[in-house]
Amino acid sequence: MPNLRKSLGITFLASNGATVINFLVTIVLARLLTPADIGIFSIAYVLVSVAHIFRDFGVTTYLVQEKDLTPEKIRSISGVLFASSWTTATILYSLTGLAADFYNQPGVEKVIEVLALSFVFIPFGAITHNLLTRELKAREQAIASILGVTVFATSSVLLAWLGFGYMTMAWASLLNIVATAIAYLPYRPKYAPWLPSFRGWGNVIHFSGGVLFSNTIRELNNSLPDVALGKLSGPHGVGIMSRANSTSNLFNMIAGPTVGYAVLPVLSEKHHAGEPIAEPMSKAIAYLTGLAWPAVLGTAIFAEPIILFLYGEQWIESAPLVRIICAIAFINTPFTFTILALQAIGRPYLAAIPGAFQLVFSAGAILMLFDQTLASFAYAMLAANLATVPIYL
């Protein structure tokens, strides 16, 4: 427990240091880039986010959750991760033209090409990152994270100032991933072999397939607003909605990394030891809602002055949307740990059920409620989340 408390403390300080840096970058970019620039990047990024699920293939969750982790299993996990990452990068790169044609935005193709390249470098740091998470070694993770964030912040502001427009964050994201992967090299545990293996994939894929399915459903839910709105409204609408989402998510930006850091490894450890996880789950949810609900309520009440102060007048039309999205955050907070808890007890396929229902509800709500306004789109998302509550319960 002292090690857990120390790790959570380090994670809190490091994540909030990174949050402050990213937040300042967001404020600067809001004045250097237009809503359309942000919208083009958001459309491309949300498509790449879905590809990230297949790139990961659920193997990092398996690595953290596995009871008996041997060097042979680590080699197998590395093999699956390299194969899935590089295959996904190749497929994503080859489909960039189709994505640009679908949205009639040539900029989408250029952004995806750069983001696809980042998939090549992710596996070099991902295994080490998750081994450190398993061992609750937050200090090493904090050092790598801060280095990556610093590279991202510096390159973002410089590229935006030089006029790179919507490509700014694409190149900055790539530089961030490369810098982070390099930073993790000295911290790889001695017991972890470097060479991947193409043997022993059976157990890895059996568990990871369930995680992949669950994560795919979750990411489709997260991506649906940008994907649908990008087609129905265009880059400007996506940019405004993206700003509303990020503003509503201020509390999670601050507390999220700390809150979620140890959930999977700690619950997995308790489950493997034969201990019930209901009590720690209930206590964690009580702490989280006690902190999150007042913060979300405050964000909703002061949405307009927050938008004006942080981002400027060109983003003011996102203020009414913030209140609707805050209502969604209020509803979803008590279920924050549900998916991770189900994965911790070895039930990744069960974890996909709430998200599958929500995806269907979201598509139906958009068809019934969307009237070409951003507010109606946000209300459709709210209706879908409300309809999913009984499934989570």
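Residues numbered from 1 in each chain as written. Predicted model: local features only at pLDDT ≥ 70, side-chain atom pairs only at ≥ 80, totals over all residues. Heavy atoms only, no water.

Chemist: How would you sum up the overall build of the chain? Please name residues and give values.
Modeler: Along the backbone of the chain there are 19 helices and zero strands. Counted over contacts in the chain with a minimum sequence separation of 6, partners at least 24 positions apart contribute 84%. Here the chain displays about 17,800 Å² of accessible surface, and carbon together with sulfur accounts for 69% of that area. (Helix = DSSP H or I, 4+ residues; strand = E, 2+ residues; numbered from the N terminus. Contact = heavy atoms within 4.5 Å. Areas by Shrake-Rupley, 256 points an atom, 1.4 Å probe, with all protein chains shown as cover.)

Chemist: Explain the environment of Cys326 to me, and be specific about the residues and the numbers.
Modeler: Along the chain, the position of Cys326 falls in helix 16 (residues 319–332). Each C-alpha atom of the pair Cys326 and Ile301 lies 9.7 Å from the other, and the pair is 25 residues apart in sequence. For Cys326, the contacting residues outside a window of four places in its chain are Ser248, Val296, Thr299 and Ala300.

Chemist: With reference to specific residues and values, describe the environment of Leu147.
Modeler: Mapped onto the elements, Leu147 comes out in helix 8 (residues 138–161). Not counting chain neighbours up to four residues away, the residues in contact with Leu147 comprise Ala179 and Ala183.

Chemist: Which residues make up the side chain of Thr247, and what are the values?
Modeler: Tracing the chain through its elements places Thr247 in helix 11 (residues 235–248). Accessibility expressed as a relative area gives 0% for Thr247, which makes it buried. Leave out the neighbours within four places in its chain, and Thr247 touches Thr299, Ile306, Ile307, Tyr311 and Val322. (Buried < 20%, exposed > 50% of the residue type's maximum accessible area, 1.4 Å probe, protein only.)

Chemist: Can you break down the packing of aromatic side chains residue by residue, with the values?
Modeler: Evaluation of the coordinates by the stated rule reveals seven aromatic pairs. Between Phe357 and Phe361 the ring centres are 6.0 Å apart and the planes differ by 45°, which places this aromatic pair in the tilted class. Of the two residues, Phe357 and Phe361 are both situated in helix 18 (residues 353–369); the distance of four residues between them amounts to about one turn of the helix. Residue classification places Phe361 among the partly exposed positions, given a relative accessible area of 27%. Look at Phe370 and Phe377: their rings are 5.7 Å apart centre to centre, the planes differ by 90°, and that puts the pair in the edge-to-face class. Taken together, the ring pairs in this structure connect Phe82, Trp86 and Phe124 into an aromatic cluster. Over the aromatic face of Tyr311 sits the side chain of Arg243, whose NZ or CZ is 4.4 Å from the ring centroid. (Phe/Tyr/Trp six-rings, centres within 6.5 Å; stacked < 30°, edge-to-face > 60°. Lys NZ or Arg CZ within 6 Å of the ring centre and 35° of its normal.)

Chemist: So what about the pattern of salt bridges? Which residues, and what values?
Modeler: A full pass over the atoms with the stated rule returns two salt bridges. A salt bridge links Glu140 to Arg139, with the nearest nitrogen and oxygen atoms 3.7 Å apart. Relative accessible area serves as the criterion here: at 47%, Arg139 is assigned to the partly exposed category. As a salt-bridge pair, Lys270 and Glu275 come within 3.5 Å of each other at their nearest N and O atoms. (Salt bridge = Lys/Arg side-chain N within 4 Å of Asp/Glu carboxyl O.)

Chemist: I'd like a description of the nonpolar core, backed by residues and values.
Modeler: Counting residues in hydrophobic clusters, the biggest one holds 79 residues, and the most contacted among them are Met241, Ile366 and Phe377. Ranked by residue count, the leading element in this core is helix 16, at eight residues. Apart from the residues within four sequence positions on either side, Ile366 is in contact with Leu224, Ala228, Leu232, Phe377, Ala380 and Met381. Grouped together as the second largest cluster of nonpolar side chains are 11 residues, Val64, Leu264, Ile277 and Ala344 included. (Core = buried A, V, L, I, M, F, W, Y, C linked by side-chain atoms within 4.5 Å.)

Chemist: Would you mind going over the packing of helix 16 against helix 19 (residues 374–392) in detail, with residue names and values included?
Modeler: Closest axis-to-axis distance for the helix 16/helix 19 pair is 9 Å, and the angle between their directions is 10°. By the angle between their axes, helix 16 is roughly parallel relative to helix 19. On helix 19, the residues touching Leu321, Ile324, Ala327, Ile328, Ile331 and Asn332 of helix 16 are Leu374, Ala375, Ala378, Tyr379, Met381, Leu382, Asn385, Leu386 and Val389. The class makeup of the residues in the contact of helix 16 with helix 19 is 13 nonpolar, two polar and no charged. (Axes fitted to C-alpha atoms, helices over the stretch in contact; angles between N-to-C directions. Parallel < 35°, antiparallel > 145°, perpendicular 65-115°, else oblique. Nonpolar A, V, L, I, M, F, W, Y, C, P; charged D, E, K, R; others polar.)

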